[in-house]
Amino acid sequence: MHSPSNSSPSSRRHDLEAGGRSFDDELSSPFYIPSTKNATIERLRRWRAAYRFTASLGQANVSVVARFIIVVQKVKRLSDLLKTNTEKGIHGDDTDLLKRKNAFGSNTYPQKKGRSFWRFLWEAWQDLTLIILMVAAVASLVLGIKTEGIKEGWYDGTSIAFAVILVIVVTAVSDYKQSLQFQNLNEEKRNIHTEVIRGGKRVDVSIYDIVVGDVVPLNIGDQVPADGVLIAGHSLAIDESSMTGESKNIYKNSREPFLMSGCKVVDGCGTMLVTSVGINTEWGLLMASISEDTGEETPLQVRLNGVATFIDTLLAIPRMHGTPQFQAGKTSVGDAVDGAIKILTIAVTIVVVAVPEGLPLAVTLTLAYSMRKMMADRALVRRLSACETMGSATTICSDKTGTLTLNQMTVVEAFVGGKKIDPSENKSQLSPMLSSLLIEGIAQNTNGSVFIPEGGGDLEVSGSPTEKAILVWGVKLGMNFDAVKSESTVLHVFPFNSAKKRGGGVALQLPDSEVHIHWKGAAEIVLASCTAYIDGNDNIIAMDDAKVLFFKKAIEDMAASSLRCIAIAYRSYEMDKVPVGEEELSQWALPEDDLVLLAIIGLKDPCRPGVKEAVQLCQNAGVKVRMVTGDNPQTARAIALECGILSSKEEAVEPILIEGKVFREYSDEEKEKIAEKILVMGRSAPNDKLLLVQALRKRGHVVAVTGDGTNDAPALHEADIGLSMGIQGTEVAKENSDIIILDDNFASVVKVVRWGRSVYANIQKFIQFQLTVNVAALIINVVAAVSSGDVPLNAVQLLWVNLIMDTLGALALATEPPTDHLMHRPPVGRREPLITNIMWRNLLIQAAYQVSVLLVLNFRGKSLLGLKDENAERANEVKNTLIFNAFVLCQIFNEFNARKPDELNIFDGITKNHLFMVIVAVTLVLQVIIIEFIGKFTSTVKLNWKQWLISVVIAFISWPLALVGKLIPVPNTPVHKFFRFSRHRNPQS
C-alpha cells in the first residue's frame, strides 16, 4: 500500500487509469473523497458540467469511479470499492455511517438563509404613512424644542416617534416569527423518508441520512434520493425533467445505468447503489443555489389587500379637510408651521387607523397558527391557499385502503387446490407441486422482503401492507424466502398496473431452463385469464363453467365480507420464445393468457376506529364523503356501509354505487349529472377519479381528493384541495398535493376541514373587530376635526389604538382554536362575501354605539362629567383622556364580542385560548400605565376612580348590546346584492 506522502496526484491518477482498484488504497487514489468533499463549489460545477456533456454522448462520467464502471462493466467492482454489498447493502452501524459521512459528505446541502430580522425591520419602515409620521415627529420635535425649550418641548415629537417605532418593531417581530415558522414547515416538507437495505434488512430512513454505498430499492413514484448507478432494474423509467428540462422518460439499464438525485421513478422497479450525496450531486448544487419562496400570497390575502387599498382611496380627500388653523397676517410663521404639522400628523394618523392594513397580517398569523396546529393534528400543509380552500370543501373523494381502513392486512380466507382451506395452517394440507409453485410465486413476484435476523428472533417482513400479508401467509406455508429467491433467475418483471388491476407479473428461469411466469392481482380479473387450476393431487384441471362459477361465488362472498380478494396464477413458457437482447427483454409484454390458478385469498383490512363518527361529522357539516377505490365493488359496498358512507344496503344501487368502467363510458353531460349521486365507485382506474373530480367541479363543488399512488397525481392536481398520504403516498403524489396527511387517517382529513373553516372564521372575527374600530375612530375624529378644528384622539393615542387592532387584536383573534360549532353549518361558498350580513349587523351596532357615546362626551362632556368648575384647559384634557380611555376599553370589550359573531355566549371556550387572555390582560395593564404614569407622552391626565368607572361602564354596555343585537334577524341575501338589484332597477341613475 502506498502512503499518501509517497504518491503524487499525477501518479495516483495514472494508477487509477491503469486499473489500480483497491479501496484500501483510498488515501492514494483520486477517489480519496475528502478532496471531493472539500472541493470548491466552482470545481463541483465543472464536474457536473462534464457529467452532462458525457451523458449526452451516452457515456456519463459522474466521477473517476463511474468511468471505471464503464470500462469494467461491473457494478460489483464498484460495490467492493465502496465496501458495500449489492444485495445486503452496508453494515449500517453508527461507526460505519460516521466514516462514510466523514469521507463522502452527508446527503444535505447548504441552504440559503432566510430573510433576517433586520430585513423585516427595513420592510416595516417602508410604509408611506409611517414615514410621513416620522417626518412629522421630527418636525414636531424641532419646533417643540424651539418654542418651549428642550425641557418641555421634546415630549410631543418623541411620543409620536416612539409610537411609530413601536408599531414598526412589533410588525417586524410578528412577520419574522411567521417567517421562521414557514421555514420550519418547508424543512419538514423536504424531509422525505425512503427505504434502504442495510445488513440485508430494509429500513426506513430520512433522505438526509442516506450515505455513499447505500443500496436503495426504487419503485413507481419514488424520488431518486442521491446520485448512483443501477444495480438491477425491470422496465425502470425515470423522469429527469427536473434536471434536464426534457419531459421524455428515460429507461435505465446496463447501458444507461446512471441515476440523478431529485428525479422521479415513473415506471418499473429496481435497486440502485449510491455513489454521490449532498453537494456532490447535481441536485445538491441546484438546491444550494436556490431558496424556497415563503412569500406566497393566498387568495384571501389578495382580497384583503384590495379592501385596504379601496378604503385608503375613499379616505384620500376627506382626511385632509377641517377648519382653518391659521389666517394670513394674523398668525406667526412658527404657529403656522406648527398648525400645518399638527394637521398633517392628525390626517396621516387617521389614515393609519382607518386603513385596515392589519387584515393581511391577520391572515398570515391565522395561517401560521393553523399550519403549526395542523402539524400536531398530523397534517402537513404544502400550499398556504389550501388552508383557506379546505373550509369551503363541499365534497371529499376518499380512497378506501389506508384512509378509511387501517391498512393492516391479514389473509383470513383462502381457496387453494380448488377448495377452501384454513389459511392459518401450514403447507401440510397442500400437495407438493402446488405448494412449490405457490411459494415460488409469492417469493419471486413481490416488492417486499423477509429478513431473518442472524442471531435468531422473529422474522421481519417489509413491503406494502398487501405484500406483507401475502408474504406472512407464505411463511406459514413453509416458505424460505432467501432460498426460494436463489433457486431461480428473474428474467423480467411487469410492475403493478393500476389500469389492469394486476399486482404484477414476473418471468423466472429455473435451473432446468424451464420458464415460469407468475401473475397476481384483482381476483376476478386474474380468474378471467385462467383456463385451468391445480387440484389437491397436483393435477392441472381445465376450468369448466361450474368451477368458474364456484370461484366467482367465492370471490363475491369474500368481497361481501369486506375482504380484498387477490388471485395468484402462473403459466409455463418456452425458453426459446423469451427475448434475448436486453432492450427486447425490457420491452417484453409478459403473456397473461392460459394461466393456471394457484390460489384465491381474502385479506381483511378493518375500518379505522372512529371513521364512522368522522364521516357523520362531515355529513352534518354539509360535506359529502365519496369513496373511490380500485377494489371490488362488493368489497367497497361492505366498507362503505361499515363507515357510514352508505346508510343502508338498499342504497347500494347504481348510480350511487358504480363501477369505474361504467362511469367512464358516459358522455361528459351525463357524467356531470351522475357525479352528484355517486357515493361509492368501485374498481376505478386513476383516470376515473380524475373524471369524477372534473365532473363535480363543473357542478360547482369545491372538491377535496385523497390519493397515495403516482397515478393519483392528475386527480390530486385537478382537485381544489389535493390530500396525499404521508405513509403510503409516493413522492409524486405528495408533490402534486396541497396537504399531506401524515398518518393516512380519514379522521385527520376531517380535522383539516375544521381548521380550514377555523381559518376563515378567525379572519372574519378580526375583520368585524377591526372595521368596528376603523369606523368609530374615523367618524369621531373627522366629525370633531370638521366641527371644532380639534380632535379628541391625538396621533400617539391613535397609534396605540392601531397597535391594539393590527397586531395584538390579530394575535388574539387569529389564534382561536376550532370549535364543533364550525362543523354544524354548511361550507363557505366560493363567492360568499367576506363580510356577511351578521358581521355588518354586529359592527354597525357597536360602531354606532361607540360613535354616539364618544361624540356626546366630546361636545357635552364638560357638563356631563361635572368639569365646568375646572379651568378650560384642564377640563378639556380630562374630557379627551376619558374619551380615549373609554374608546380603548370599548375595543377590549368588543374583542370578546368578536370571538362569537353568531353565538350568544361570547365566553364559551375562552379559557382554552390562553393567548387571548394574556393579550387582553397586557392591553389593560398598558392602558392603565398610559393613563396614570406616562401622560406626558400621550397628552393624557390621570383619571379619578369615578372617571375610570364611567369608562368601564361605557365599555361594558357593549356586551349586553351585542347580545340584544344578535336577536335581530338578518336577511340571507348578502348586502352587496341589494345594491346590485337597486342598480338594475334604476339603470338611468
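- The protein chain carries the name Calcium-transporting ATPase in an unreviewed UniProt entry, which gives Hevea brasiliensis as its organism.
- Per UniProt, the comment on the protein chain under Function (unreviewed entry) is "Catalyzes the hydrolysis of ATP coupled with the transport of calcium."
- What UniProt states about the protein chain under its Catalytic activity (unreviewed entry) heading is, verbatim, "Ca(2+)(in) + ATP + H2O = Ca(2+)(out) + ADP + phosphate + H(+)".

**Quick word on the overall build of the protein chain**
Working step 1: Looking only at helices and strands, the protein chain features 38 helices and 26 strands.
Working step 2: Across the 989 residues in the protein chain, those meeting the buried criterion constitute 53%.
Working step 3: Carbon and sulfur atoms make up 56% of the accessible area of the protein chain, which totals about 44,100 Å².

**Brief notes about the pairing of strand S3 (residues 215–218)**
Working step 1: Every second residue of S3 is oriented toward a common face, with Val215 and Pro217 on one face and Val216 and Leu218 on the other, all of them buried.
Working step 2: When S3 meets strand S7 (residues 264–276), the two strands line up antiparallel, connected through four bridges. Directly across from valine 216, in S7, lies its bridge partner methionine 272.

**Observations concerning the packing of helix H36 (residues 945–956) against helix H37 (residues 958–965)**
The description of two packed helices rests on the angle between their axes and on the distance between the axes.
Working step 1: Direction vectors running N to C along H36 and H37 enclose 10°, while the axes themselves pass 5 Å from each other. Between H36 and H37, the angle falls in the class roughly parallel. Residue-level inspection shows Ile954, Ala955 and Phe956 of H36 in contact with H37, the latter providing Ser958, Trp959 and Pro960.
Working step 2: For the contact of H36 with H37, the residue count by class is five nonpolar, one polar and no charged.

**Quick look at unusual backbone geometry**
Working step 1: Note the cis peptide between glutamate 654 and proline 655, where omega equals 5°.
Working step 2: The phi dihedral of arginine 378 falls on the positive side, at around 70°, and the residue is not glycine.
Working step 3: Here the phi dihedral of aspartate 744 falls at roughly 60°; this positive angle occurs in a residue that is not glycine.
Working step 4: Position of aspartate 744 among the secondary structure elements: in the loop between strand S26 (739–741) and helix H30 (746–788).

**A short note on the UniProt feature "transmembrane region" (unreviewed entry) in the protein chain**
Working step 1: As recorded in UniProt, the feature "transmembrane region" (unreviewed entry) lies at residues 53–72, 124–145, 157–176, 914–935 and 947–968.
Working step 2: The span residues 914–935 carries 91% helix and 0% strand; its end-to-end C-alpha distance comes to 30 Å.
Working step 3: Measuring from the first to the last C-alpha atom of residues 947–968 gives 33 Å, for a span that is 82% helix and 0% strand.

**Quick look at the pattern of salt bridges**
Working step 1: All told, the structure shown has 31 salt bridges when counted by the stated rule.
Working step 2: Here lysine 76 ties to aspartate 80 by a salt bridge, and the two come within 3.1 Å at their closest N and O atoms. Here lysine 76 and its partner aspartate 80 are both found in helix H5 (residues 75–81), four residues apart, which amounts to about one turn of the helix.
Working step 3: In this structure, glutamate 731 and lysine 734 form a salt bridge, with 3.5 Å as the shortest nitrogen-oxygen distance. Residue glutamate 731 and its partner lysine 734 are both found in helix H29 (residues 731–735); the two are separated by three residues, about one turn of the helix.
Working step 4: For glutamate 731, a relative accessible area of 10% translates into the label buried.
Working step 5: One salt-bridge network, in which partners are shared between bridges, spans Lys76, Arg77 and Asp80.

**Observations concerning the environment of asparagine 944**
Working step 1: Counting through the fold element by element, asparagine 944 comes out in the loop between helix H35 (935–938) and H36.
Working step 2: The partly exposed category is assigned to asparagine 944, whose relative accessible area is 39%.
Working step 3: The sequence separation of asparagine 944 and valine 878 amounts to 66 residues, and the corresponding C-alpha distance is 9.9 Å.
Working step 4: One polar contact links the side chain of asparagine 944 to the main-chain amide nitrogen of glutamine 947, over a distance of 2.8 Å.

**Considerations on the sheet that holds strand S24 (residues 703–707)**
Working step 1: The eight strands are arranged S8-S26-S25-S24-S9-S21-S23-S22 in an open sheet whose pairing can be described as mixed. Strands with a single pairing partner mark the edges of an open sheet, and in this sheet they are strand S8 (379–381) and strand S22 (657–659). Each adjacent strand pair in this sheet contributes to an overall mean axis angle of 20°, direction not counted.
Working step 2: Sheet topology places S8 next to S26; three bridges connect them, and they run antiparallel. Paired with leucine 380 across the strands is isoleucine 740, a residue of S26.
Working step 3: Most of the contacts of helix H27 (residues 686–698) go to S24, to which it runs at about 170°, and overall it touches strand S9 (395–398), strand S21 (624–628), strand S23 (680–682) and S24.

**Here we look at the environment of valine 450**
Working step 1: Checked against the element boundaries, valine 450 lands in strand S12 (residues 449–451).
Working step 2: Sequence separation between valine 450 and aspartate 482 is 32 residues; the distance between their C-alpha atoms is 7.8 Å.
Working step 3: With residues up to four places along the chain from it excluded, the contact list for valine 450 reads Leu459, Glu460, Val461, Leu471, Val475, Met479, Phe481 and Asp482.

**Things to note about the pairing of S9**
Working step 1: Burial along S9 is two-sided: the residues Thr395 and Cys397 and Ile396 and Ser398 are all buried.
Working step 2: Across four bridges, the pairing between S9 and S21 is parallel. Paired with cysteine 397 across the strands is arginine 626, a residue of S21.
Working step 3: Both S9 and S24 contribute to a ladder of three bridges, which runs parallel. Residue pairing in the sheet places threonine 395 in a bridge with valine 703 of S24.

**Notes on the confidence of the model for the protein chain**
Working step 1: Considering every residue of the protein chain, the mean pLDDT works out to 80; 81% of them sit at 70 or more.
Working step 2: The spread of mean pLDDT over the elements of the protein chain runs between helix H1 (residues 9–17), the lowest at 35, and strand S17 (residues 530–534), the highest at 95.
Working step 3: Confidence over residues 1–37 falls short of pLDDT 50; this stretch has 46 contacts with residues more than four positions distant or in other chains.
Working step 4: Throughout residues 313–323 the model reports pLDDT below 50, and contacts reaching past four residues in sequence, or to other chains, amount to 15 contacts.

About the cut-offs
- Residues numbered from 1 in each chain as written.
- Predicted model: local features only at pLDDT ≥ 70, side-chain atom pairs only at ≥ 80, totals over all residues.
- Heavy atoms only, no water.
- UniProt positions renumbered as here; feature names shortened; annotations may be inferred.
- Helix = DSSP H or I, 4+ residues; strand = E, 2+ residues; numbered from the N terminus.
- Buried < 20%, exposed > 50% of the residue type's maximum accessible area, 1.4 Å probe, protein only.
- Areas by Shrake-Rupley, 256 points an atom, 1.4 Å probe, with all protein chains shown as cover.
- Pairing = 2+ DSSP bridges.
- Axes fitted to C-alpha atoms, helices over the stretch in contact; angles between N-to-C directions.
- Parallel < 35°, antiparallel > 145°, perpendicular 65-115°, else oblique.
- Contact = heavy atoms within 4.5 Å.
- Nonpolar A, V, L, I, M, F, W, Y, C, P; charged D, E, K, R; others polar.
- Salt bridge = Lys/Arg side-chain N within 4 Å of Asp/Glu carboxyl O.
- Polar contact = N/O pair within 3.5 Å; in protein donor to acceptor, adjacent residues only side chain to side chain.
- pLDDT = per-residue confidence, 0-100.

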